[in-house]
Amino acid sequence: MSGSWVESARNRSDACDSLPLAYLVCNLAPPVLNNPALMSFEEVRILFHEFGHALQHMLTTMPYSDVAGLSNVEWDAIEICSTFMENWIYDRQTMNYISSHVDSGACLPDDTLENLRKVRRHLAGYDMSKQLYLSDVDLQLYSSKEFWLDMQRRKWAEYLTLPIYKKDAHLCAFTHIFSDEYPAAYYSYKWSEMLSSDIFSAFQEVDLTDRIAVAAVGKRFRDTFLSLGGGCHPGEVFRRFRGRDPSPDALLKTYALH
């Protein structure tokens, strides 16, 4: 089976004296012959993403299993911790800790990391427009009586500058909303990314090289997003961490769209 995900093997429950347990399924490339398994940058991103889900499940302090960890977290917020973790793979110090050349042991070079940052920003405006288009179309399918193909073409013209091919029916292959868990909820990907970028900017504001200051912000993150699970409304969780309502500014800055 392809793909990657996190499963909850056991929830925290103080009544049952049960500690949380989760497992990650990442489908990473196996070793070849006598060579060690080497991770691509995309595989590192996947690992950090799924580990964000696992941290939220395992570090919860909620005493009741129904709201502990990943349980009953609103779909608006289910991807916050996972997309937040992805930001760290573009941080120089983090890459110094986790990267090592298979032969020399050297860390990932600065110019390579900078190129990876540029790749992240490449066509970022188009990609964001496409995500917003799919999010809107997903909601329209459940709220509009317009024929789906006409609605697809109309919405495409609203969000994207490139013309759509007249026989394009890509919604028929939109598996996230037909065979996955995101019908009428695909918007949560971009919404969660916006929130996670704002959260990560709190770490950037104290300077990522100041590990003491970063640890203090990290504790606040643990005490809110990694702790409260489904026991507190995500809007309130964000305000407890950030002290204000969310803003899209950090997300736009991340992709050089500000």
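Residues numbered from 1 in each chain as written. Predicted model: local features only at pLDDT ≥ 70, side-chain atom pairs only at ≥ 80, totals over all residues. Heavy atoms only, no water.

### A closer look at the packing of aromatic side chains
- Going through the model one piece at a time under the given rule, you end up with 19 aromatic pairs.
- The interplanar angle of 25° and the centroid separation of 6.4 Å between the aromatic rings of Phe-200 and Phe-203 together place this pair among those described as stacked. Of this pair, Phe-200 and Phe-203 both sit in helix H8 (residues 187–205), separated by 3 residues, roughly a single helical turn.
- On the basis of relative accessible area, Phe-200 is assigned to the buried category, the value being 6%.
- For Phe-203, a relative accessible area of 3% translates into the label buried.
- Summarising the aromatic geometry, the rings of Phe-225 and Phe-238 are spaced 6.5 Å apart at their centres and angled 75° between planes, so their arrangement reads as edge-to-face. Here Phe-238 lies in helix H10 (residues 234–242) and Phe-225 lies in the loop between helix H9 (211–224) and H10, a separation of 13 residues in the sequence. Of the two residues, Phe-225 and Phe-238, neither departs from the other in class, the shared state being buried.
- Among the aromatic residues, those joined into a ring-pair cluster are Phe-84, Trp-88, Phe-200, Phe-203, Phe-221, Phe-225, Phe-238 and Phe-241.
- Looking at Arg-220, its charged tip hangs above the ring of Phe-241, at a distance of 4.7 Å from the centre. (Phe/Tyr/Trp six-rings, centres within 6.5 Å; stacked < 30°, edge-to-face > 60°. Helix = DSSP H or I, 4+ residues; strand = E, 2+ residues; numbered from the N terminus. Buried < 20%, exposed > 50% of the residue type's maximum accessible area, 1.4 Å probe, protein only. Lys NZ or Arg CZ within 6 Å of the ring centre and 35° of its normal.)

### With respect to a nonpolar patch on the surface
- Residues Leu-24, Phe-51 and Met-58 make up a contiguous nonpolar surface patch of roughly 220 Å² in combined accessible area.
- Looking at the element boundaries, Phe-51 is found in helix H1 (residues 41–58).
- We classify Phe-51 as partly exposed; its relative accessible area is 36%. (Patch = residues over 30% accessible without salt bridge, like charges linked within 9 Å, V, L, I, M, F, W, Y side chains within 5 Å. Areas by Shrake-Rupley, 256 points an atom, 1.4 Å probe, with all protein chains shown as cover. Salt bridge = Lys/Arg side-chain N within 4 Å of Asp/Glu carboxyl O.)

### A word on helix H6 (residues 148–159)
- For H6, spanning 12 residues, the distance from its first C-alpha to its last is 16 Å, which sits close to the expected 16 Å at 1.5 Å a residue.
- On its buried face, H6 is in contact with helix H5 (124–143). (Expected span 1.5 Å × (residues − 1). Contact = heavy atoms within 4.5 Å.)

### A closer look at the nonpolar core
- Within the largest apolar cluster, 40 residues are counted, with the highest numbers of intra-cluster contacts made by Phe-84, Trp-88, Ile-199, Phe-203, Phe-221, Phe-225 and Phe-241.
- At the level of secondary structure, the elements contributing two or more residues to this core comprise H1, helix H2 (80–86), H5, H8, H9 and H10.
- No other element matches H8, which puts 6 residues into this core.
- Residues Tyr-133, Leu-134, Trp-156 and Leu-171 belong to the second largest nonpolar core, which totals 10 residues. (Core = buried A, V, L, I, M, F, W, Y, C linked by side-chain atoms within 4.5 Å.)

### Regarding unusual backbone geometry
- For Asn-27, which is not glycine, the phi dihedral falls at a positive 50°.
- A positive phi is found at Asn-72, a non-glycine position, where the angle reads about 60°.
- Relative to the helices and strands, Asn-72 is located in the loop between H1 and H2.

### A closer look at the side chain of Asp-136
- With respect to the element layout, Asp-136 can be found in helix H5.
- Classification of Asp-136 as buried rests on a relative accessible area of 14%.
- The contacts of Asp-136, once residues within four sequence positions are left out, are Lys-155 and Tyr-159.

### Some details on the pattern of salt bridges
- Scanning the entire structure with this criterion turns up 18 salt bridges.
- In this structure, Arg-121 engages Glu-114 in a salt bridge whose closest nitrogen and oxygen atoms are separated by 3.7 Å.
- Through salt bridges with shared partners, a single network forms among Asp-136, Glu-146, Arg-154, Lys-155 and Glu-158.

### A few points about the packing of H8 against H10
- One can describe the packing of H8 onto H10 by two numbers: an axis separation of 11 Å at closest approach and a directional angle of 15°. What the angle tells us is that H8 and H10 run roughly parallel. The crossing of H8 and H10 is left-handed. Residues Leu-195, Asp-198, Ile-199, Ser-201, Ala-202, Phe-203 and Glu-205 of H8 form the contact with H10, whose own contacting residues are Phe-238, Phe-241 and Arg-242.
- In terms of residue class, the contact of H8 with H10 is built from 6 nonpolar, 1 polar and 3 charged. (Axes fitted to C-alpha atoms, helices over the stretch in contact; angles between N-to-C directions. Parallel < 35°, antiparallel > 145°, perpendicular 65-115°, else oblique. Left-handed = near helix turned anticlockwise from the far one by under 90°. Nonpolar A, V, L, I, M, F, W, Y, C, P; charged D, E, K, R; others polar.)

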